[in-house]
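Report on the structure
Each chain, written out:
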Amino acid sequence: MNGLEAILWKLRQDKKYTGTNDTYTLFSQFYKTDGNVIKKWVNGSFQKGGATKSNNHSDQFRKQGNGFYVKGKWSESLEHYTKALCFAEYQTESYAMALANRSAVFYSLNEYQYCLSDINRCLDNYPNRLKYKVYSRKIKCYCKIGDVDEARISFKEAVDFIKGNQGFTKEEKDCFIEKLQVIDTVLPDSLVITTKEECKIPDIEKNNMLIGASTLIGLRSNTKKGRYVVAERSIRRGDIIFVEKAFAISPIFNKNLELCSNKCYYCLKNNQALIPCLHCCSCMYCDENCLERSWNESHQWECKGFGVKFWSDVGLAFPAFKTYLKSLAINDDIENTSVNYKLVDELLMNLENNENIVEFLVLTVALVHYFETQTDFFDWLRDKVDLESDQNLKLFFGSCVLRKIGQFACNASVIEHWDVEKYKYVPQEKVSIATGLYPAVSMMNHSCKSNVSMYYINDVVVVKAIEDIAKGEELYNCYHVSYRSATKEIRQSFLYTQYCFRCLCNICSNPVMELDYLNTFRCPWCAGGVSMYSKGCYDCQKFVDLSKVVELEKQAIRLLDEAVLSLDKTEISFKIMKRIYNQYHKNFADCYNRYKLIYFHTGNLDKSLEYFSKYLEVQKKHFGEHSLTLVKETLGFLEELKMQGKGNRNRLYVQNPTFKTNPMK
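Read on for a plain summary of the structure. (Residues numbered from 1 in each chain as written. Predicted model: local features only at pLDDT ≥ 70, side-chain atom pairs only at ≥ 80, totals over all residues. Heavy atoms only, no water.)

With respect to the overall build of the protein chain
Counting its regular elements, the protein chain contains 23 helices and 14 strands. The proportion of buried residues among the 665 residues of the protein chain is 49%. Long-range pairs, those at least 24 residues apart, make up 62% of the contacts in the protein chain with a sequence separation of at least 6. A total of about 34000 Å² of accessible surface is found on the protein chain, and carbon and sulfur atoms cover 48% of it. (Helix = DSSP H or I, 4+ residues; strand = E, 2+ residues; numbered from the N terminus. Buried < 20%, exposed > 50% of the residue type's maximum accessible area, 1.4 Å probe, protein only. Contact = heavy atoms within 4.5 Å. Areas by Shrake-Rupley, 256 points an atom, 1.4 Å probe, with all protein chains shown as cover.)

Regarding the pairing of strand E8 (residues 430-437)
Where strand E4 (residues 248-251) meets E8, four bridges bridge the pair, whose relative direction is antiparallel. Looking at the pairing, Ala-248 lines up with Leu-437 of E8. (Pairing = 2+ DSSP bridges.)

Focus: the pattern of salt bridges
Tallied over the entire structure, the rule returns 25 salt bridges. Residue Arg-382 pairs with Asp-390 through a salt bridge whose shortest N-O separation is 3.0 Å. Since its relative accessible area comes to 36%, Arg-382 is described here as partly exposed. On the basis of relative accessibility, which here comes to 46%, the residue Asp-390 falls in the partly exposed class. Connected through salt bridges with shared partners, the residues Asp-379, Arg-382 and Asp-390 form a single ionic network. (Salt bridge = Lys/Arg side-chain N within 4 Å of Asp/Glu carboxyl O.)

Quick notes on the side chain of Lys-39
By secondary structure assignment, the location of Lys-39 is in helix H2 (residues 23-47). Despite its burial, Lys-39 pairs with no opposite charge; the closest candidate is Glu-372, at 5.4 Å N-O. When sequence neighbours within four positions are dropped, the list of residues in contact with Lys-39 reads Tyr-31 and His-369. (Lys, Arg positive; Asp, Glu negative; His and termini not counted.)

So, the sheet that holds E4
The strand order across the open sheet built from three strands is E4-E8-E7, with neighbouring strands paired in antiparallel fashion. A single partner strand is all that each edge strand has here, and the edge strands are E4 and strand E7 (413-418). The sheet shows a mean angle of 40° between the axes of neighbouring strands, taken without regard to direction. (Axes fitted to C-alpha atoms, helices over the stretch in contact; angles between N-to-C directions.)

Describing the environment of Leu-328
The residue Leu-328 is located in helix H12 (residues 317-332) in this model. Overall, Leu-328 belongs to the buried group, its relative accessible area being 12%. Note: C-alpha distance between Leu-328 and Leu-381 (53 residues apart in sequence) is 9.8 Å. Residues in contact with Leu-328, not counting those within four places in the same chain, are Trp-380, Leu-381 and Lys-384.

Rendered as structure tokens:
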């Protein structure tokens, strides 16, 4: 338990504060009564010092990177060279050396554009005696990407530099130029230039009433639901509904309290050749433009906090501050039609019912005191907000941040990017990069079974329909807890704690639609589902004695475990399951998978595919029709068939309406 957690624990025990949406009164009372202990914690955090720019530290990381580089461990060397760059003082030899060494890794990884970016940034401060090596790499990069003209220009620059350098002897100059001429002699007349394609943000027919939304939808409101989103016309599965840029974003720290090393701190673009902030050792940017914009908008006041891990400690106060700053900037330009300022200002905060109100207050006081003692933020804010005294300015700012914390807690989304570079077929994992506030998307109400899905491109969210939605029907998003991943009790508890409401969606209102219903026993009276726990039928409500059924279940599972590649035992197990289970019980998936394996190993690929399709039908009910898990399993099985090298390629389809895979090549 760190210092802030201990303070929070003690204040929670006192139970002096209850939620209210009057944030000014609430924050003022807390700040004056219990603020001092939090201020002491902030002061202590900065007295200890923290990570700062140091060429000595940079050189140590670079030497460690060199050790990995000579062993061909590119990932480890890249990580250490990037850390060397973060700690290096700007425009020093250590800074240039880190860039140059990282460019060598990029060249080895065939990442030539990244390599060129680092080379162009390092040349001014790189040691003259070694510079011909960097020029050589630059020429080779242009050759690799097919830009022969730039390769020849770089060759001329290198020769001019060597000839004009007074620090070289004539013999050294001749030696360096000779090495460069070896490259020049193999330059082709022309090559086809190849570039990496970036994921494109899709276009939509823009909705003038709801920025970031398409014309397929509209906003409604009533006293029961508040604001909600409906289809203005029929929406087909796959239609894009929202393409919205985040109003504000805030990074997510990993388990080492570090930021993602290949995402721009400002725009979240993927980039391996990031450049660091000129002052802190944490934030990195895709170029000088993002660095400058970030500094001007907020980082000039955030920067010092990164050195002592302050921002990872204050949690939601960080994105709340960034949201407040953005709101303040938009308020100065209220005619700006590119953002949903009005929607943001009216977002629910639910502080009156929030169990975490004490935590929010503690974080807000810590933030206010940090800005007061460690930055000139309040000098800047004083010109923006006309208040009589410094004390009133702090209380006003604190109340605004508290309000934004409530809004962010109830409306923010976790921005997840697919890790697409490591795998051959499809992305295999999501990485949480940041939290973002998307005011238009936030207008959708929750359902434990949503009819839309979301993915992110940088800081832009794209929302698509995953089923047909009729005109006038409501669109539902799922607020983190789906009925496929959590029981009703867990979902209800989470939604009430986080969002302060009880879910009454179709799933929560109908036990038959819960995932548990799939794993029920077959009712002897109505063929409905009988719960193992209540022993009552969901459909006809009759009590069923399950003692004999449970024994049969044990027998079926035992036979399947013993079967291995025995078709006889598998068939007996399957017959028992058909007698006792709902048709989509999870154990059927195991049985169908066993059939698939048996027929695969006996060379009967038609039968193997047939049972794999049945396996998928069961798994779709449990994981959903759009499950990446099942896509990966499908592709994996097709790869097995390919390796087996048997069967007619025209037959190698999975006969399934959802997974229309290509025939084996």
